[in-house]
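Each chain is listed here by its residues.
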Amino acid sequence: MLLTEVLEWLKPGEGALIVDCTLGMGGHSEALLKENPTARVIGLDRDSESLELAQARLSEFGDRFLAVHSDYEDLSQVLEERGIIAVDCILADLGISSFQLEAPERGFSFLKDEPLDMRMDRLGGLTAADLVNDLGEKELADLIFEKGEERGSRGIARAIVKERTRQRIESTKQLADIVIRALHQRGKWRIHPATRTFQALRIAVNGELERLNEFISTAISMLRIGGRLSIISFHSLEDRIVKNAYRRESGRCICEGREARPVSGDGSVVCLTCGAARRVAILTRKAIRPSEQEMDRNPRSRSARMRICERTHQ
Ligand SMILES: C[S@@+](CC[C@H](N)C(=O)[O-])C[C@H]1O[C@@H](n2cnc3c(N)ncnc32)[C@H](O)[C@@H]1O
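Remember, it's a predicted structure, so these values are computed and weren't measured experimentally.

Colleague: Got a sec to walk through the overall build of the protein? Specific residues and values, please.
Modeller: Looking only at helices and strands, one finds 13 helices and nine strands in the protein. Against the 2.2 N^0.38 benchmark of 20 Å for 314 residues, the protein shows a C-alpha radius of gyration of 21 Å, consistent with a compact globule. With the principal axes as the frame, the protein shows a C-alpha extent of 60 × 55 × 40 Å. In the protein, the proportion of contacts linking residues at least 24 apart, taken out of those at least 6 apart, comes to 66%. By element, 48% of the accessible surface of the protein is carried by carbon and sulfur atoms, the whole surface being about 15,500 Å². Positive and negative charge centroids in the protein, built from 48 and 49 side chains respectively, lie 7 Å apart.

Colleague: Mind laying out the packing of aromatic side chains, listing which residues take part and the relevant values?
Modeller: Taken as a whole and assessed by the stated rule, the structure comprises two aromatic pairs. Both rings, one in Tyr72 and one in Phe215, keep their centres 4.3 Å apart while their planes meet at 40°; by these two values the pair is tilted. In this pair, Tyr72 is assigned in the loop between strand E3 (65–69) and helix H4 (75–81) and Phe215 in helix H11 (residues 208–221), connecting sequence segments 143 residues apart. According to the relative accessible area criterion, Phe215 is buried, its value standing at 1%. Both rings, one in Phe110 and one in Phe198, keep their centres 5.4 Å apart while their planes meet at 90°; by these two values the pair is edge-to-face. Here the residue Phe110 occupies a position in the loop between helix H5 (98–102) and helix H6 (128–134), and Phe198 occupies one in helix H10 (residues 195–205), the gap between them amounting to 88 residues.

Colleague: Outline the domain arrangement of the protein, supporting the account with residue identities and numerical values.
Modeller: Partitioning the protein into domains gives domain 1 (3–99 + 208–249 + 278–311) and domain 2 (122–205). Listed per partner, the contact involves eleven residues of domain 1 and eight residues of domain 2. Of all residues in domain 1, Glu208, His235 and Leu237 give up the largest surface area on contact with domain 2, accounting jointly for 48% of the area buried on that side. The tally of links between domain 1 and domain 2 comes to four salt bridges. Among the salt bridges present, the one from Glu49 reaches Arg122, with a minimum N-O distance of 2.6 Å.

Colleague: Tell me what's going on with the site of the ligand, and back it up with residues and numbers.
Modeller: If you check the shell around the ligand, you find 22 residues, and the closest are His28, Asp45, Tyr72, Asp93 and Gln100. At a separation of 3.0 Å, an oxygen atom of the ligand approaches a polar backbone atom of Met25. For the ligand, an oxygen atom lies 3.3 Å from a polar atom in the backbone of Gly26. The fraction of the free accessible surface of the ligand (610 Å²) that becomes covered by protein chains is 94%. Partitioned by chemical class, the residues of the shell around the ligand number seven nonpolar, nine polar and six charged.

Colleague: Give a description of the pairing of strand E9 (residues 305–311) that names residues and reports values.
Modeller: Burial within E9 is extensive, with five of its seven residues counted as buried. In this sheet, E9 lies alongside strand E5 (residues 223–233) in antiparallel orientation, the contact comprising six bridges. Note on E9: the bridge partner recorded for Ser230 is Ile308. For strand E8 (residues 280–282) and E9, the ladder comprises three bridges, and the chain directions are antiparallel. Pairing of Ala281 across the sheet is with Glu310, part of E9.

Colleague: Explain the packing of H11 against helix H12 (residues 236–249) to me, and be specific about the residues and the numbers.
Modeller: Packed helix pairs are characterised by how far apart their axes lie and by the angle those axes make with each other. Contact geometry of H11 with H12 gives a least axis separation of 10 Å together with a crossing angle of 30°. As judged from the angle between their axes, H11 and H12 are roughly parallel. The two elements H11 and H12 cross, and the hand of that crossing is right-handed. Of the residues in H12, those touching H11 at Glu208, Leu209, Leu212, Asn213, Ile216, Ser217 and Ile220 are Leu237, Glu238, Ile241, Val242, Ala245, Tyr246, Arg248 and Glu249. Taken together, the residues that form the contact of H11 with H12 break down as nine nonpolar, two polar and four charged.

Colleague: Describe the nonpolar core, naming the residues involved and giving the relevant values.
Modeller: Leu75, Ile90, Phe215, Ile216, Leu229 and Ile231 are the most contacted members of the largest nonpolar core, which totals 34 residues. For this core, the secondary-structure elements that each account for two or more residues are strand E1 (17–20), strand E2 (40–45), H4, strand E4 (87–93), H11, E5, H12 and E8. Per element, the largest residue contribution to this core is six residues, and it comes from H11. Not counting residues up to four positions away in its chain, the partners in contact with Ile216 are Leu229, Ile231, Ile241, Val242, Ala245 and Tyr246. If you look at the next biggest cluster of nonpolar residues, it comprises 30 residues, including Ala128, Ile144, Ala176 and Phe198.

Colleague: Quick one: what's the story with the sheet that holds E2, residue by residue and with numbers?
Modeller: In space, the seven strands of this open sheet follow the order E3-E2-E1-E4-E5-E9-E8, with mixed pairing throughout. The open sheet has two free edges, formed respectively by E3 and E8, since each of these has just one partner strand. Strand-to-strand twist across the sheet, computed as the mean angle between neighbouring axes with direction ignored, equals 20°. One ladder, built from three bridges, connects E1 with E4; its direction is parallel. Opposite Ile18, over in E4, you have Cys89 as the bridge partner.

Reading the values: the criteria
- Residues numbered from 1 in each chain as written.
- Predicted model: local features only at pLDDT ≥ 70, side-chain atom pairs only at ≥ 80, totals over all residues.
- Heavy atoms only, no water.
- Helix = DSSP H or I, 4+ residues; strand = E, 2+ residues; numbered from the N terminus.
- Rg over C-alpha atoms; globule rule 2.2 N^0.38 Å.
- Contact = heavy atoms within 4.5 Å.
- Areas by Shrake-Rupley, 256 points an atom, 1.4 Å probe, with all protein chains shown as cover.
- Lys, Arg positive; Asp, Glu negative; His and termini not counted.
- Charge placed at Lys NZ, Arg CZ, Asp CG, Glu CD.
- Phe/Tyr/Trp six-rings, centres within 6.5 Å; stacked < 30°, edge-to-face > 60°.
- Buried < 20%, exposed > 50% of the residue type's maximum accessible area, 1.4 Å probe, protein only.
- Domains from an automatic or database assignment.
- Buried area = accessible area lost by both parts, 1.4 Å probe.
- Salt bridge = Lys/Arg side-chain N within 4 Å of Asp/Glu carboxyl O.
- Near = heavy atom within 4 Å.
- Polar contact = N/O pair within 3.5 Å; in protein donor to acceptor, adjacent residues only side chain to side chain.
- Nonpolar A, V, L, I, M, F, W, Y, C, P; charged D, E, K, R; others polar.
- Pairing = 2+ DSSP bridges.
- Axes fitted to C-alpha atoms, helices over the stretch in contact; angles between N-to-C directions.
- Parallel < 35°, antiparallel > 145°, perpendicular 65-115°, else oblique.
- Left-handed = near helix turned anticlockwise from the far one by under 90°.
- Core = buried A, V, L, I, M, F, W, Y, C linked by side-chain atoms within 4.5 Å.

Structure, rendered in structure tokens:
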């Protein structure tokens with residue numbers, strides 16, 4: 001997704017070291033390795049099944065490519081363990097891959113009937129079924145509203161709690177049917193009624209928003225001066241976090257706190273409340289979106305937004 005744009009904006013130089021923090025099926029990494037014959041890529045993914053497939057796909061690049069099973073929140077540790085103190089480019093293409101969406105038994109899709117799992121890393125942690133069956137009604141409603149921006153969240157939470165007094169909710173179809181009934185929707189719809197509820201649960205199960213802010217700070221710390229960070233997000237909640245983090249890291253106060261102090265000469269501030277301090281320049285005033293052709297070819301890409309910044313200060 002946004003493949004040409006990633007190649008164009010990351011601009012790895014001769015012998016660049018690139019970290020692809022969300023390797024997935026290795027599509028971006030493969031293109032970066034092909035287009036930049038002297039570059040090396042370290043690819044991280046928290047999903048070991050995806051990692052294995054990507055590793056096989058990229059084996060032709062020999063020691064120019066290294067796959068690491070890791071959460072991107074451990075980026076600095078992954079690099080430090082290999083004696084790396086700074087890299088040239090970092091890419092994060094957030095969310096889940098088509099492979100994960102379509103793979104059997106992963107529980108991400110409301111179009112199939114599978115166990116309600118949704119964990120990207122299946123080695124541990126709570127599943128979507130755990131949340132749906134164990135959270136209180138208000139907690140569930142808040143989760144679906146905040147992480148799914150679903151206005152019918154209260155009705156959905158009420159219907160879930162009612163249903164689970166009869167039987168545990170274990171499958172994607174069971175949940176999708178409850179949501180459809182709670183929203184009183186039948187027949188044809190523009191987006192499937194369960195889309196937002198499934199998004200909310202997936203984000204909660206995988207702690208996707210909590211990790212992002214911290215990750216952006218760490219990623220910038222690991223860039224050499226002149227190095228670039230590219231983040232592709234898939235929904236407005238993620239994009240808002242990326243946009244605000246870039247603003248803060250470019251020395252603009254995002255909390256309007258009284259602590260913000262101007263830095264002489266460059267128009268930026270340092271703010272102790274939100275942590276604003278200039279380390280990067282934002283290269284994309286407006287988020288970059290896929291071309292019409294890409295959106296026609298791959299309707300899922302419609303909601304993708306890419307933002308890039310460049311490290312300018314220590
Ligand atoms: C949209 S896909 C990436 C697709 C990839 N760019 C490609 O071209 O094939 C996102 C990938 O990021 C992984 N992922 C999501 N959150 C992660 C995290 N916190 N740490 C590491 N990997 C993560 C997912 O498991 C998934 O494989």
